[in-house]
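Chains, contacts and geometry: an overview
What follows is each chain in one-letter form.
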Amino acid sequence: MAGVAHRREERGIPPERRGRAITRRALIGAGAAAATLPLFGSGTASAATGSTPVAETGDARMRGYAFLDAAMDGYSDQGSIRLAQSYSDQAGLFSTAFTYDNALTILAYLACPGADARARAVALGDALLYAQAHDPQYTDGRLRQAYNVGPYVFYDGSAQPDGFVHADGTANVGTQFGFTGTAVGDMAWAGIALAALAGRTKASRFLAGAVRIGEWVEAHARTDEPLGGYKFGVDGTDKKLPFTSTEHNIDLTCLFGRLAHLTGNGVWLKRRARAEAFLGKMWNESGGFFYTGSNDGVTVNTSPVPEDTQTWSYLSLHDRRRARSVDWAAVNLAVLDTADRPNSTVPAGQLYEGVTFSSASLVANEGAPIAPFQPKPDRSGVWFEGTAHLALALRERGASGDERRAARLIASLERAQDRLGAGQTVGSKALPERSGVVSASSPLDTGFGFGYYPYRHTGATAWYLLAAARANPLRGH
């Protein structure tokens, strides 16, 4: 059964080590499994995970920003126009900088007081604008899935000698891994970040860049298919992709709302309404969750059910009628990773609480790796990015018990930053100790054809920082 992609393709697994194309469009599991550790319980889980004192929490946030700084400065000799490398070198993606991760990094910096954080947010925003204006093929305002930000030698022996900017001035698109397409979700997050910069700095260039992104989405992704909304985007050959993603349309409700607020142009509210109407068609009233989307614009994909659509929908829409999607994720995707799990890579004596990527992750085949030369997945691997989504959504909702549950999740994220991913590097430079959150506590299978692994990750770290600061990046304005 074919599946709909979410916002980015597989990461951390070189094609030569996978033996197949990078994709997240083939479902490898189905169904919704029962939670292994509901967050709506008490006793064992809470006592085992403990809590983090306020003073230590502040220090943890500082170490999170130290990692983002290091990811951004890994190739400082390549020029002042730069993006942040998404994963530590050990992930095997070399100097790849994903557009989505850099948008999140901007938003995390904007959630941090101080001139240095703001300057870094502005620098990354200017780099996205540079990529938009200096694409090697297109002049229509698109951004690619990812870029190279430093030199390396690829697995086939070919050299990638440049930084983010080629000698001819064009942006260094991530062609080695095939990260050349343009996804609506990536574009939306970049637009959200640029709009946030516009609101904070009042600089017109950031608003202009965000508007160009919105116009690209309208021109290339709007659909009049029965389910409506906005389609997935285009591949590296500029071929339109047939999928329609719930998550992407959630992202657009935020972007279009921000553009309406900043420009005063009512057309963005009409476009926001189109994206929101699609979301209504993805809602399962009896189950209390959102489906992932559609392959063809006609039929709803009923499995797997992912985490991000449940929490991001509330963060963007604040729809009290559907706020129980947050509960669905908290209960039905809850996991507890301990060293005695079959394929856990967590050290003895440690445990991590959180959520996994999707309902399919809970029934993944633990007997074989997702791809050749990779470790076998564990059904209880914690997806730390999603765990941070959930913590922030609980804090934003503020129902009875939500703050306590969020605090437990943030404590788990901070333990992961303290203890997992030691000895990793960016640009062959050692990362500051105990800095940066790994993408997963143990290898996990997302159910969308790719996995997450215990490598320090700007996206997971940025979401942790946003959750810790109570800074919702999906507010309409």
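The following paragraphs examine the structure supplied in this document.

Scoring rules and cut-offs
Residue numbers restart at each chain and count upward from 1, following the sequence in its written direction. Given that this is a predicted model, residues contribute local features only at a pLDDT of at least 70 and side-chain atom pairs are listed and counted only at 80 or more, while totals for whole chains, interfaces and linings are drawn from all residues. Side-chain metrics in this entry use all non-hydrogen atoms of the structure; hydrogen atoms and water are not considered. Each helix is a run of DSSP H or I of at least 4 residues and each strand a run of E of at least 2, with the numbering of both proceeding from the N terminus. For every residue, the accessible area obtained with a 1.4 Å probe (protein chains only) is divided by the maximum for its type, and the residue is called buried under 20%, exposed over 50%, and partly exposed between those limits. Throughout, a contact is declared for two residues whenever any of their heavy atoms are within 4.5 Å. Where accessible areas are quoted, they stem from the Shrake-Rupley method and a 1.4 Å probe; at the residue level, only the protein chains shown are allowed to cover. By definition here, a salt bridge exists when the distance from a side-chain nitrogen of Lys or Arg to a carboxyl oxygen of Asp or Glu is within 4 Å. In protein, a polar contact means a hydrogen-donor-capable atom and an acceptor-capable atom, both N or O and within 3.5 Å, with residues adjacent in sequence counting only if both atoms are side-chain atoms; elsewhere, any N or O pair within 3.5 Å suffices. A strand pair is defined by DSSP finding two or more bridges across the two strands. Cavity means a closed set of points on a 1 Å grid over the protein atoms alone, one where a 1.4 Å probe fits but cannot get out, pocket means an open set with protein on both sides within 12 Å along at least 5 of 7 lines, and lining means a residue has an atom within 4 Å of a point. Grid points are joined across faces, edges and corners, and a volume is the space filled by probe spheres set on the points. Here the term charged refers only to Asp, Glu, Lys and Arg, the term nonpolar to Ala, Val, Leu, Ile, Met, Phe, Trp, Tyr, Cys and Pro, and the term polar to all other amino acids, Gly among them. Pairing of aromatic rings covers Phe, Tyr and Trp, the last counted by its six-membered ring, and requires centre-to-centre distances within 6.5 Å; plane angles under 30 degrees mean stacked, over 60 mean edge-to-face, and any other angle means tilted. Lysine and arginine charges are scored as sitting over a ring when NZ or CZ, respectively, is within 6 Å of the ring centre and within 35 degrees of the ring normal. Throughout, nonpolar core names a set of buried Ala, Val, Leu, Ile, Met, Phe, Trp, Tyr and Cys residues whose side chains join them through atoms within 4.5 Å.

It is worth spelling out the overall build of the chain at this point. On a plain count of helices and strands, the chain comes out with 14 helices and 17 strands. A buried classification covers 63% of the 477 residues belonging to the chain. Sequence-distant contacts in the chain: of pairs separated by 6 or more residues, those separated by 24 or more amount to 73%. Counting only carbon and sulfur atoms, one obtains 54% of the accessible surface of the chain, whose full area is about 15800 Å².

What follows covers the pattern of salt bridges. A full pass over the atoms with the stated rule returns 29 salt bridges. Between Glu215 and Arg271 there is a salt bridge; the shortest N-O distance is 3.3 Å. Remark: Arg271 occurs in helix α9 (residues 267-281) and Glu215 occurs in helix α7 (residues 204-221); sequence separation between them is 56 residues. Take Glu215: its relative accessible area is 36%, and that puts it in the partly exposed class. The closest approach of N and O atoms between Arg222 and Glu218, which form a salt bridge, is 3.0 Å. Assessed through its relative accessible area of 14%, Glu218 is described here as buried. Shared partners join several salt bridges into a network, and the residues in it are Asp69, Asp73, Arg82, Asp116 and Arg120.

So, on to the side chain of Arg63. Along the chain, Arg63 turns up in helix α3 (residues 54-72). Taking the relative accessible area as the measure of exposure, Arg63 reaches 11% and is therefore buried. Polar side-chain contacts of Arg63 include one of 2.7 Å to the backbone oxygen of Arg434. When sequence neighbours within four positions are dropped, the list of residues in contact with Arg63 reads Gln417, Asp418, Glu433, Arg434, Ser435 and Gly436.

Taking strand neighbours across the sheet as the criterion, the three strands line up as β7-β10-β11 in an open arrangement whose pairing is antiparallel. Two strands in the sheet have a free side with no partner beyond their single neighbour: β7 (244-245) and β11 (300-301).

Moving on: the layout of surface pockets. Taken as a whole, the largest pocket encloses approximately 360 Å³ of empty space. Taken together, 16 residues form the lining of the largest pocket, with Leu107, Leu110, Ala196, Arg200 and Arg258 sitting closest to its centre. Elements with a minimum of two residues in the lining of the largest pocket: α4 (99-110), α6 (184-201) and α8 (246-263). Split into classes, the residues belonging to the lining of the largest pocket amount to nine nonpolar, four polar and three charged.

Attention now moves to the side chain of Thr96. Checked against the element boundaries, Thr96 lands in strand β1 (residues 96-98). On the accessibility criterion, Thr96 (3% relative accessible area) is buried. Here the side chain of Thr96 touches Leu93 through a polar contact of 2.7 Å, landing on its backbone oxygen. Not counting residues within four places of it along the chain, the set of residues in contact with Thr96 comprises Gln85, Ser86, Ala146, Tyr147, Asn148, Phe177 and Phe179.

Here the focus is empty space enclosed by the protein. Scanning the model with the defined rule gives four cavities of 30 Å³ or more in all. In this structure, the largest cavity spans a volume of roughly 50 Å³. Forming the walls of the largest cavity are Ala71, Met72, Gly74, Tyr75, Gln78, Ile81, Arg82, Leu83, Val149 and Phe164. Partitioned by chemical class, the residues of the lining of the largest cavity number seven nonpolar, two polar and one charged.

One pass over the full model with this rule turns up 30 aromatic pairs. Relative to Phe179, the ring of Phe177 has its centre 5.6 Å away and its plane inclined at 20 degrees; by these criteria the two rings are stacked. Residue classification places Phe177 among the buried residues on the basis of a relative accessible area of 5%. Ring centres of Trp189 and Trp312 lie 5.1 Å apart, and the angle between their planes is 65 degrees; on these two criteria the pair is classed as edge-to-face. With Trp189 in helix α6 and Trp312 in helix α10 (residues 308-317), this pair connects stretches of sequence that are 123 residues apart. Grouped by ring-pair contacts, the aromatic residues Phe94, Phe98, Tyr152, Phe154, Tyr155, Phe177 and Phe179 constitute a single cluster. The residue whose ring lies beneath Arg142 is Tyr138, and the NZ or CZ to ring-centre distance is 3.6 Å. Between Arg271 and the ring centre of Trp268, over which it is positioned, the NZ or CZ distance is 4.6 Å.

The buried fraction of strand β13 (residues 351-355) amounts to five of the five residues, a majority that puts the element mostly inside the structure. Where burial is concerned, the two faces of β13 agree: the one with Leu351, Glu353 and Val355 and the one with Tyr352 and Gly354 are both buried. With five bridges connecting them, strand β12 (residues 334-338) and β13 associate as antiparallel partners. Note on β13: the bridge partner recorded for Asp337 is Tyr352.

Before going further, it helps to spend a moment on the nonpolar core. In terms of nonpolar packing, the biggest core is built from 116 residues, with Leu83, Phe164, Trp189, Val217, Leu252, Phe384 and Trp463 touching the most fellow members. With twelve residues, α6 is the single largest residue contributor to this core. Setting aside its immediate chain neighbours within four residues, Phe164 contacts Ile81, Arg82, Leu83, Ala127, Tyr130, Ala131, Tyr147, Asn148, Val149, Thr170, Ala171 and Asn172. Listed in part, the 19 residues of the second largest apolar core include Ala146, Tyr152, Phe357 and Phe450.

All we've got here are geometric facts, nothing functional implied.
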